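# Observations on chain architecture
These are the residues of each chain, in order.
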Amino acid sequence: MKLNIDPVRCVRCGLCQSVCIFNNISLDPEVHETETECFECGHCVSICPTGAINLKIYEDLNYDTRNKYKTDKLDVTYDEYIDVLNRHRSIRYFTKEDVTPQTYEKLFKCLDNTPTASNMQDLDIVVIKSDLYEFTKHIYDIIKTKSSDFLTIRNLAKYIENPDENQNTLLYTGRDIILLFSKNPQDTTIACGRIEITAQLMGLGGFYNGFIVMADEIDHEKLMEYFPEIDPSKHLSCAYIIGHPKIKFKRPLPPRKVNITYK
Ligand SMILES: Cc1cc2nc3c(=O)[nH]c(=O)nc-3n(C[C@H](O)[C@H](O)[C@H](O)COP(=O)(O)O)c2cc1C
Ligand code: SF4
Ligand code: SF4
């Protein structure tokens, strides 16, 4: 049994029952769990008008199930949101300002409600703030097999031989690296998109890094030697370099063509 249900608060509206895809809730003779299956999606908690349902996993969180969204309607309009999205540009020039723990705490609020496959919340995040040379070398040692294909990797070889932080083509002058691990790469991609947009709204910036992710594809085992704390069955499937932008873009490019087919 996954739920705590307060029959006193229940007004028998049936909304919890109607929203449960596993038919885990019955109103007969009074609201109760049917022991079919529950993947703790929390939709019954979210929809109940009186806060009569809570998930047992939230018991210790002191979470008031009567809390509602701040407003019925979103504060952000469609036009404002599209404007935010169109302001995306990869940032590769950064100031030396540190990204503080307080800033990260605020940034990672964007993951409080990030969707994950089967609601497993099977997501591990590592922020690399120190030993950037060591980490870069670890990645380089794995991806150097692809040197002939990529100028970025060939240029990285020069940095490895002669470390000058302005010449690190893995980070450019990014302060930190945010790495996302999961068994399901979609989970990390979605979370990373949230991080990027939230970072932008907070005045931070950065860029997604495909070369770091390439290391996982080339030699997952060797990559994971750097992360003994992470379950090795998880894969690194998103990397985001972050910092305080040194530059400010003024305009978007014309809309890029995306092939959309309706069949
Ligand atoms: C990568 C991924 C795959 C998912 N696949 C399915 C799916 O096949 N069927 C489904 O009903 N929901 C699917 N979901 C939705 C999740 O079950 C849902 O996001 C999670 O239960 C959290 O609920 P919420 O999205 O309402 O916050 C998927 C979500 C993600 C991120
Ligand atoms: S948490 Fe989701 S699956 Fe479980 S009873 Fe509620 S709606 Fe159904
Ligand atoms: S949604 Fe809440 S009030 Fe409505 S039937 Fe379910 S428990 Fe009762």
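Note: the structure precedes this text.
Scope of this entry: the structure provided in the associated data block. The structure presented is a predicted model; accordingly, all values stated were derived computationally and were not measured.

Moving on to the overall build of the protein. A tally of regular secondary structure across the protein gives nine helices and eight strands. Burial analysis of the protein (263 residues in total) assigns 37% to the buried set. Intrachain contacts of the protein at a sequence separation of at least 6 include 73% that bridge at least 24 residues. Counting only carbon and sulfur atoms, one obtains 52% of the accessible surface of the protein, whose full area is about 17,000 Å².

Running from N to C, helix H5 (residues 132-143) and helix H6 (residues 151-161) point in directions that differ by 135 degrees, and their axes come no closer than 10 Å. Considering their axes alone, H5 and H6 lie oblique with respect to each other. Here the hand of the crossing between H5 and H6 comes out left-handed. Taking contact as the criterion, the partners of Tyr 133, Thr 136, Lys 137, Tyr 140 and Ile 143 in H5 are, on H6, Ile 153, Leu 156, Ala 157, Tyr 159 and Ile 160. Residues belonging to the contact of H5 with H6 are distributed by class as follows: eight nonpolar, one polar and one charged.

A few words on the packing of H5 against helix H8 (residues 210-218). Between H5 and H8, whose axes approach to 9 Å, the crossing angle comes to 55 degrees. Comparing their axes, H8 and H5 come out oblique. The handedness of the crossing between H5 and H8 comes out as left-handed. Between H5, through Phe 135, Ile 139, Ile 142 and Ile 143, and H8, the contact on the second element is made entirely by Phe 211, Ile 212, Met 214, Ala 215 and Ile 218. Of the residues belonging to the contact of H5 with H8, the class tally is nine nonpolar, no polar and no charged.

Our focus in this paragraph is the site of ligand 1. Lining the immediate surroundings of ligand 1 are Phe 39, His 43, Pro 115, Thr 116, Ala 117, Ser 118, Asn 119, Asn 184, Gln 186, Asp 187 and Ile 190. In the model, an oxygen atom of ligand 1 is placed 2.6 Å from a nitrogen or oxygen of the His 43 side chain. Protein coverage of the free-state accessible area of ligand 1, which is 620 Å², stands at 54%. Examining the composition of the shell around ligand 1, we find that three residues originate from one element, helix H7 (residues 185-201), more than from any other. The class makeup of the residues in the shell around ligand 1 is four nonpolar, six polar and one charged.

This structure, assessed with the given rule, holds ten aromatic pairs. Centre to centre, the rings of Phe 135 and Tyr 226 are 5.2 Å apart; their planes meet at 70 degrees, and the pair counts as edge-to-face. In this pair, Phe 135 is assigned in helix H5 and Tyr 226 in the loop between helix H9 (220-224) and strand E8 (235-243), connecting sequence segments 91 residues apart. Of the residues examined, Phe 135 reaches a relative accessible area of 0% and is grouped as buried. Among the residues examined, Tyr 226 registers a relative accessible area of 27% and is labelled partly exposed. Relative to Phe 227, the ring of Phe 181 lies with its centre 5.0 Å away and its plane at 65 degrees, an arrangement referred to as edge-to-face. Of this pair, Phe 181 sits in strand E6 (residues 176-182) while Phe 227 sits in the loop between H9 and E8, placing them 46 residues apart in sequence. One exposure class covers both Phe 181 and Phe 227, and it is buried. Taken together, the ring pairs connect Phe 135, Phe 181, Tyr 226 and Phe 227 into an aromatic cluster.

Around ligand 3, the neighbouring residues are Cys 10, Val 11, Arg 12, Cys 13, Gly 14, Cys 16, Leu 27, Cys 48, Pro 49, Thr 50, Ala 52 and Ile 53. Each residue belonging to the shell around ligand 3 can be placed in one class, and the counts come to nine nonpolar, two polar and one charged.

What follows is about H7. Relative to the 24 Å expected for 17 residues at 1.5 Å per residue, H7 spans 25 Å between its end C-alpha atoms, a close match to the ideal helical length. Along its buried surface, H7 packs onto helix H4 (101-107), strand E5 (123-128), E6, strand E7 (205-208) and E8. Residue Asn 184 occupies the N-cap position of H7, its side-chain oxygen lying 2.8 Å from the main-chain nitrogen of Gln 186. In the stretch just after H7, Gly 203 is the one whose phi turns positive, near 85 degrees.

Scoring rules and cut-offs
Residues numbered from 1 in each chain as written. Chains lettered and ligands numbered in written order. Predicted model: local features only at pLDDT ≥ 70, side-chain atom pairs only at ≥ 80, totals over all residues. Heavy atoms only, no water. Helix = DSSP H or I, 4+ residues; strand = E, 2+ residues; numbered from the N terminus. Buried < 20%, exposed > 50% of the residue type's maximum accessible area, 1.4 Å probe, protein only. Contact = heavy atoms within 4.5 Å. Areas by Shrake-Rupley, 256 points an atom, 1.4 Å probe, with all protein chains shown as cover. Axes fitted to C-alpha atoms, helices over the stretch in contact; angles between N-to-C directions. Parallel < 35°, antiparallel > 145°, perpendicular 65-115°, else oblique. Left-handed = near helix turned anticlockwise from the far one by under 90°. Nonpolar A, V, L, I, M, F, W, Y, C, P; charged D, E, K, R; others polar. Near = heavy atom within 4 Å. Polar contact = N/O pair within 3.5 Å; in protein donor to acceptor, adjacent residues only side chain to side chain. Phe/Tyr/Trp six-rings, centres within 6.5 Å; stacked < 30°, edge-to-face > 60°. Expected span 1.5 Å × (residues − 1).

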